[in-house]
Amino acid sequence: MRSRKIRNRNLQRTRYESYKGSTMKSVVEALLLQTLDTLKQQGVLAEDVNPRIVLQNTKDKSHGDFACNIAMMLAKPAGMNPRDLAERITSTMPSDPRISNTQIAGPGFINFFVNNSWLEEQVSKALSAPNLGINTVTDNDVQTVVIDYSSPNLAKEMHVGHLRSSIIGDAVVRALEFQGHQVIRQNHVGDWGTQFGMLLAYMEEQQNNDEDLDLADLEGFYRASKQRFDESEKFANRARELVVALQSGDDYCNKLWQEFNSISLQHCLAIYKRLGVSLTAKDVRGESTYNKDLQSIVDALADAKLLVESNGAQCVFMDEFKNKEGETLPIIVQKSGGGFLYATSDLAAVRYRAQQLKADRVLYFVDQRQALHFNQVFALAHKAGFANDTISLEHMGFGTMNGADGKPFKTRSGDTVKLVDLLDEAEERAIALVRSKNPDMDTASLEKIGKSVGIAAVKYADLSKDRARDYIFNFEQMLSFEGNTAPYLMYAYTRVASIFDKAGLDMNTINGDITLASEKEKDLANKLLQFPEILDRLTRRGQPHTLCSYIYEVAGLFSSFYEHCPILAADTEAEKQSRLCLAALAGKTIKQGLNLLGINTLERM
RNA sequence: GCGCCUAUAGCUCAACUGGAUAGAGCAUCGCCCUUCUAAGGCGAGGGUUGCAGGUUCGAGUCCUGCUGGGCGUACCA
């Protein structure tokens, strides 16, 4: 396990740094690399030292624009003290007009100050280049990334538990596509299992009674059928019959099942549309599609001599999953009664994704609680050859959504919250908020803006937190215009849009020379150029919250610039044009960033 | 029992996977609207990063041991 993790990380590292090559950081890194080579030739460094050069963005301007800790890392192997080595590095480094100064600071940091004109040139280029100057990956670096997300159970209505997977997964999907990777969405819906017998029996009963099939309230339908199951022996028997019939491929039963799934899926698609989640019907590949593969998975495990019968069940025991007493945990792939389990279908899915879809990475946006399950499935899939060792299988787990009391988010009566109800409330609250700020706005605009803000607020609140942790859901906070929230960022964007509206210019086509005269302009420019590396982190680690923090910082720096640097009323025409360009890049970056999170901006609020 | 996750300002969250003085917002207190949307900006106070050790030039981050919380752990997914 451990060795595989390390291997995967190295793989990602080498493949994912493709955005580099033209960024300011990469230029400095190349210079450092060249310098280290020279030092090797001079015998200062041994030939076999090949450290990873990490250039950091400095937090404090007195430390320059970039800082590097390489001298401290190499001090020991070189047998020198860090500051002396840093001195040696900076004196050996070829001079470059793009670097205005280097300094050695603290215990041995090398601080780089970049030339202002280079910075100006970079922002101008980013503004006029397609994709905000983000290099899309080259052909050789394009990865096929399968993303397993959302995956609701079709037997029931979508509830708040499906929100995180759908939203976070979709943000990573969009970011990967923006980088130029080939993404294959997989909605691994729950469309199989014993509960379908009960549902189909109830469907049949309603149809026989000539009642209109009412699946508008799927949750109610589920409860009603469960009630019939519990109260009537006859009904329960029929339900069991239907499960068997369904599994044996009975036509009538299959038709009922498909009808049910189709209606249930429409509910999901409606929610995706409302949420702005990019999943469609063609991305659905439910559990049931792997039914035909399950026996062959078990057979393959048997052929590989991995299968052990234990208490009548077919299991695999792997040394990786051993506790201190030496007892190994089983992975059960076939029940004593012959049925298969989720480990079996997940193995089949891995095999399909690796061999049919030819994935380089498979990302699973699934609840953190299933971590052990996925660790087992991934380890076994590799061991059994369902996936070769180069494919990276990554569980992107997330924590629970809690209420204000820190306990799982529930209704007052203790039921799970339906996703539609949550979204309804968010929209209502947002409409009321927008109305309070714009008492004279007409109802149509009010609703349009309110709905947009409400959905964005819910999504952003979730996306802006580290997915690994539990988080507290709070309407007041997410709908605030203050702080790291969707309304604030959307508003920040409208401020930019409003400038261009007033000037009668198009934010998307303007370009030209940018002069960074004040600190406010420089700070904003520096931040804007960090977009590519932020995206890289997002897609490598599956963490959209890093992008949220980034957009928030951009918006903050823009606001500060906006307050201190008159744009339309600038002193000279050249200054005005320059500031317009900088504002345009800020606006486009905020908009693009939000779009990658699945959030649409408004031109006016 | 064993395993995984987690503990950061009164509250909600960050901290670029070992870097420099741990940062934001809310709340509290003080400024700034005849000037591009004040739904904004500027500033102040607020911290023994759960506790105790260890590793090293350097630890919120890595290791060990405690304590509190969450979640898993053989035929549900």
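See the structure above.
Draft legend 1. Local environment of helix H8 (residues 218-231). With 14 residues, H8 should cover 20 Å at 1.5 Å per step; its first-to-last C-alpha distance of 20 Å lies within 8% of that length. Tucked inside the fold, the buried residues of H8 contact helix H7 (195-208), helix H9 (233-247) and helix H10 (251-275).

Draft legend 2. Structural context of the protein's contact with RNA strand B. In the vicinity of RNA strand B lie 64 residues, with Glu287, Lys335, Phe481, Tyr491 and Tyr562 positioned nearest. The sugar and phosphate moieties of RNA strand B supply 56% of its atoms located within 4 Å of the protein. For RNA strand B, a sugar or linking oxygen lies 3.1 Å from a polar atom in the side chain of Glu563. Between Ile567 and RNA strand B, the recorded distance is 3.2 Å, taken from a backbone N or O atom to a base nitrogen. For the surface near RNA strand B, the element with the most residues is helix H20 (residues 545-564), which contributes eight residues. Of the residues belonging to the surface near RNA strand B, the class tally is 25 nonpolar, 20 polar and 19 charged.

Draft legend 3. Region of interest: the sheet that holds strand E11 (residues 392-395). One open sheet holds the four strands; their spatial order is E6-E5-E10-E11, and the pairing between them is parallel. Looking along the sheet, the strands with just one partner apiece sit at the ends: strand E6 (182-186) and E11. Across the sheet, the mean angle from the axis of one strand to that of its neighbour is 15°, orientation sign disregarded. Here four bridges tie strand E10 (residues 361-364) to E11, and the two strands are oriented parallel to one another. Looking at the pairing, Arg361 lines up with Ser392 of E11.

Draft legend 4. Spotlight on the environment of Val54. Here Val54 shows up in the loop between helix H2 (24-41) and strand E1 (55-57). Taking the relative accessible area as the measure of exposure, Val54 reaches 32% and is therefore partly exposed. C-alpha separation for the pair Val54 and Asn438, spaced 384 residues apart in sequence, amounts to 49 Å. In contact with Val54, other than residues within four places in its own chain, are Ala67, Cys68 and Asn69.

Draft legend 5. Local environment of the pairing of strand E3 (residues 99-105). Across six bridges, E3 lies against strand E4 (residues 109-114) in antiparallel orientation. Counted as the bridge partner of Asn101 is Phe113 from E4.

Draft legend 6. Spotlight on the pairing of E11. Burial of E11 is two-sided: the residues Ser392 and Glu394 facing one way and the residues Leu393 and His395 facing the other way are all buried. This β-α-β element, E10 to helix H13 (residues 371-383) to E11, shows right-handed connectivity.

Draft legend 7. Representation of the packing of helix H18 (residues 519-528) against helix H21 (residues 573-596). Running from amino to carboxyl end, H18 crosses H21 at an angle of 40°, the nearest separation of the two axes being 11 Å. In terms of orientation, H18 and H21 fall into the oblique class. The handedness of the crossing between H18 and H21 is left-handed. Note on element contacts: H21 touches H18 through Arg579, Leu582, Leu585, Ala586 and Thr589, opposite Glu521, Leu524, Ala525 and Leu528. Of the residues that constitute the contact of H18 with H21, the class distribution is six nonpolar, one polar and two charged.

Draft legend 8. Structural view of unusual backbone geometry. Although it is not a glycine, Leu132 sits at a positive phi angle of roughly 55°. Mapped onto the fold, Leu132 is located in the loop between helix H5 (116-128) and strand E5 (144-148). The residue Lys305 is not glycine, and still its phi comes out positive at about 60°. With respect to the helices and strands, Lys305 occurs in the loop between helix H11 (291-303) and strand E7 (307-310).

Draft legend 9. Focus on the nonpolar core. Core analysis: the biggest nonpolar cluster contains 154 residues, and Phe112, Ile147, Leu422, Leu547 and Leu597 have the highest contact counts within it. Counting the residues that make up this core, at least three belong to each of domain 1 (2-114) and domain 2 (195-285).

Draft legend 10. Fine view of the side chain of Glu204. In this fold, Glu204 is placed in helix H7. Polar contacts involving the side chain of Glu204 include one to the side chain of Arg238, which spans 2.6 Å.

Draft legend 11. Looking closely at the packing of aromatic side chains. Following the criterion strictly, the structure yields 15 aromatic pairs and no others. Considering the side-chain rings of Phe374 and Phe378, the 5.6 Å spacing of their centres and the 35° angle between planes classify their relative orientation as tilted. Note that Phe374 and Phe378 are positioned in helix H13 at a spacing of four residues, about one turn of the helix. Seen in terms of ring centroids, Phe409 and Phe473 are 4.8 Å apart; in terms of plane orientation they differ by 55°. Their pairing is tilted. Note that Phe409 is positioned in the loop between strand E12 (401-402) and helix H14 (419-437) and Phe473 in the loop between strand E13 (471-472) and helix H16 (475-478), a separation of 64 residues in sequence. A relative accessible area of 4% places Phe473 in the buried class. Through a chain of ring-to-ring contacts, three or more aromatic side chains come together here, namely Phe196, Tyr202, Phe221, Phe235 and Phe260.

Thresholds applied
- Residues numbered from 1 in each chain as written.
- Chains lettered and ligands numbered in written order.
- Predicted model: local features only at pLDDT ≥ 70, side-chain atom pairs only at ≥ 80, totals over all residues.
- Heavy atoms only, no water.
- Helix = DSSP H or I, 4+ residues; strand = E, 2+ residues; numbered from the N terminus.
- Expected span 1.5 Å × (residues − 1).
- Contact = heavy atoms within 4.5 Å.
- Near = heavy atom within 4 Å.
- Polar contact = N/O pair within 3.5 Å; in protein donor to acceptor, adjacent residues only side chain to side chain.
- Nonpolar A, V, L, I, M, F, W, Y, C, P; charged D, E, K, R; others polar.
- Pairing = 2+ DSSP bridges.
- Axes fitted to C-alpha atoms, helices over the stretch in contact; angles between N-to-C directions.
- Buried < 20%, exposed > 50% of the residue type's maximum accessible area, 1.4 Å probe, protein only.
- Right-handed = clockwise from strand over helix to strand, strands pointing away.
- Parallel < 35°, antiparallel > 145°, perpendicular 65-115°, else oblique.
- Left-handed = near helix turned anticlockwise from the far one by under 90°.
- Core = buried A, V, L, I, M, F, W, Y, C linked by side-chain atoms within 4.5 Å.
- Domains from an automatic or database assignment.
- Phe/Tyr/Trp six-rings, centres within 6.5 Å; stacked < 30°, edge-to-face > 60°.

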